[in-house]
Amino acid sequence: MSKKVLVGMSGGVDSSAAALILKNQGYDVSGCTMRLYTNEDLGEDFPEEGGCCSLSDVDDAKSVCRRIGIEHYTFNYTAEFRKMVMAPFAESYIGGETPNPCILCNKHLKFDIMLKRAQLLGFDYIATGHYADVRFDAEWGRYLLMRPADRHKDQTYVLYTMTQEQLAHTLFPLFGTDKAHVRGLAEEYGLVNSNKPDSQDICFVPDGNYADFIGRFAGYSPKTGDFIDREGNVIGTHSGIINYTIGQRRGLGVTFGKPVFVTEKNVRDNTVTLGSSEELMKTELMLRDVNLISVSEVTEPVRVTAKTRYSAREQSAVIYPETNGRMKIVFDEPVRAAAPGQACVFYDGDIVVGGGVICD
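Just so it is clear, the structure is predicted and the values come from calculations on it, not from any experiment.

(A) Representation of the overall build of the chain within the structure. When helices and strands are counted, the chain shows 8 helices and 17 strands. Expected size for 360 residues packed as a compact globule is a radius of gyration near 21 Å; at 21 Å, the chain falls within 12% of this value. Across its three principal axes, the chain shows a C-alpha extent of roughly 70 × 55 × 35 Å. At a minimum sequence separation of 6, the contacts of the chain that also span at least 24 residues come to 64%. Carbon and sulfur atoms provide 46% of the accessible area of the chain, an area that totals close to 16,900 Å². The distance from the centre of the 38 positive side-chain charges to the centre of the 48 negative ones in the chain is 1 Å.

So, in structure tokens, the structure goes:
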């Protein structure tokens, strides 16, 4: 009897190809799309929903399922998404951090709530169109999260929160392929989204204006404050801390005749520190909410490679266990613009060791 797989389908070509590949491999496949937000969440300037999992994307996913002959489910998780992704995103930004909502969505929605729903419906696995791989290490008795064949599409950075239970019941059928092959496969089978562009922005902030979203969602009004230098001297006026990110250079509203960057944000004092590019460099970071995958615990220093942003270049480092579930990471060479709230993910070759949230 074929194993049953429920594929999370965002409406994009990757998840559609994942469903098609699994069906061709002999699995009993169904697709599902999660409704995560509404027009009201996007604001009045966005009457047509955008980003992944919008109404139009549900239609695309349904069309693909009809085309390849599988059943399609639609799950309404708008309340859960507001509570577990949108609210923490807004709170984190207001608190001076730079969060990654895709990681929160994967952690709470795709690989937790969706997996539990799939199991209630009698599915053996869930699957997504992420470029990653899962393998079982018999020697250590652990499931491993692995990088895909195409490193340019490596999405393990946003999957580092996965647990052993989740990995044991998840398939990533795109692990051995690349984007060109995925689009070619979709075209071959006449899928409606074969040439659909990849989503670039946060799904619930399609215009990239985080401040406007936070104002609507949380009723928050930014307060002006002081730009300061690293000595604490006032050098200008900022328009509200949520309007700035660590490493930002453009759109500061002040000029100094030389490049300056946002190097620090202090919510308590309502100040934004500006400085040189060199002042953005850090060698040591502290991490909270650490999740380990390849090992159950770290009790001594471990050499890894790590990156502090999705698109960042990996650098050699050593991780050190700390108290209260925290971890320290020390890089061989300084990393640039490591922002509190972002994830730092560490690797042993192609294996994801784990990761955590950068904190002060």
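(B) Summary view of the sheet that holds strand S11 (residues 271-275). Taking strand neighbours across the sheet as the criterion, the 4 strands line up as S9-S8-S11-S10 in an open arrangement whose pairing is mixed. Of all the strands in the sheet, the pair left with one neighbour each is strand S9 (234-238) and strand S10 (261-266). On average, each strand axis in the sheet is tilted by 30° relative to the strand beside it, whichever way the strands run. Of the pairings in the sheet, the one linking strand S8 (residues 225-228) to S9 comprises 4 bridges and is antiparallel in character. The residue bridging Gly-225 from the neighbouring strand is His-238, located in S9.

(C) Quick peek at the side chain of Thr-177. Structurally, Thr-177 can be placed in the loop between strand S7 (170-171) and helix H7 (179-188). The contacts of Thr-177, once residues within four sequence positions are left out, are Tyr-131, Asp-150 and Val-182.

(D) Layout of the pairing of strand S14 (residues 315-321). Relative to S14, strand S13 (residues 302-307) is paired through 5 bridges, and the arrangement is antiparallel. By the bridge assignment, Ala-306 is partnered in S14 with Gln-315. Bridge count for S14 against strand S15 (residues 327-336) is 5 bridges, and the pairing is antiparallel. The residue of S15 that forms the bridge with Ile-319 is Ile-329. In sequence, S14 turns back onto S15 through a hairpin of 5 residues, with Asn-324 there showing a positive phi of about 60°.

(E) Representation of unusual backbone geometry. Of note in the backbone geometry, Asp-289 takes a positive phi value of approximately 50° without being a glycine. Of note in this structure, Ala-337 is not a glycine but carries a positive phi near 55°. Inspection of the secondary structure puts Ala-337 in the loop between S15 and strand S16 (343-348). Taking relative accessible area as the criterion, Ala-337 reaches 9% and is therefore assigned buried.

(F) Representation of the packing of aromatic side chains in the model. Tallied over the entire structure, the rule returns 16 aromatic pairs. Seen from their ring centres, Tyr-73 and Phe-123 are 6.3 Å apart, and the 85° between their planes marks the pair as edge-to-face. Here Phe-123 lies in the loop between helix H5 (101-120) and strand S4 (125-127) and Tyr-73 lies in strand S3 (residues 71-76), a separation of 50 residues in the sequence. Phe-123 sits in the buried class, given a relative accessible area of 6%.

(G) Layout of helix H1 (residues 13-24). Spanning 12 residues, H1 covers 16 Å between terminal C-alpha atoms, matching the ideal 16 Å at 1.5 Å per step. Where burial is concerned, most of H1 is hidden: 10 out of the 12 residues are buried. Those residues of H1 that fall on the buried side of the exposure criterion are Val-13, Asp-14, Ser-15, Ser-16, Ala-17, Ala-18, Ala-19, Leu-20, Ile-21 and Leu-22. Looking one or two residues past H1, Gly-26 carries a phi angle of roughly 100°, positive in sign.

(H) Representation of the pattern of salt bridges in the model. Counted under the stated rule, the structure contains 14 salt bridges. Across the pair Asp-57 and Lys-196 runs a salt bridge, and its minimum N-O distance is 2.3 Å. Here Lys-196 lies in the loop between H7 and helix H8 (210-218) and Asp-57 lies in helix H3 (residues 55-68), a separation of 139 residues in the sequence. By relative accessible area, Lys-196 is classed as partly exposed at 23%.

(I) The sheet that holds S7, seen in detail. With parallel pairing, 5 strands are arranged side by side in an open sheet as S3-S2-S1-S4-S7. Two strands lie at the open edges of the sheet, namely S3 and S7, each paired on one side alone. Pairing analysis gives 6 bridges linking strand S2 (residues 28-35) to S3, with the strands arranged parallel. Bridging across to S3, Arg-35 finds its partner in Asn-76.

What counts, and where the lines are drawn
- Residues numbered from 1 in each chain as written.
- Predicted model: local features only at pLDDT ≥ 70, side-chain atom pairs only at ≥ 80, totals over all residues.
- Heavy atoms only, no water.
- Helix = DSSP H or I, 4+ residues; strand = E, 2+ residues; numbered from the N terminus.
- Rg over C-alpha atoms; globule rule 2.2 N^0.38 Å.
- Contact = heavy atoms within 4.5 Å.
- Areas by Shrake-Rupley, 256 points an atom, 1.4 Å probe, with all protein chains shown as cover.
- Lys, Arg positive; Asp, Glu negative; His and termini not counted.
- Charge placed at Lys NZ, Arg CZ, Asp CG, Glu CD.
- Pairing = 2+ DSSP bridges.
- Axes fitted to C-alpha atoms, helices over the stretch in contact; angles between N-to-C directions.
- Buried < 20%, exposed > 50% of the residue type's maximum accessible area, 1.4 Å probe, protein only.
- Phe/Tyr/Trp six-rings, centres within 6.5 Å; stacked < 30°, edge-to-face > 60°.
- Expected span 1.5 Å × (residues − 1).
- Salt bridge = Lys/Arg side-chain N within 4 Å of Asp/Glu carboxyl O.

Remember, this is a structural readout, not a statement about activity or role.
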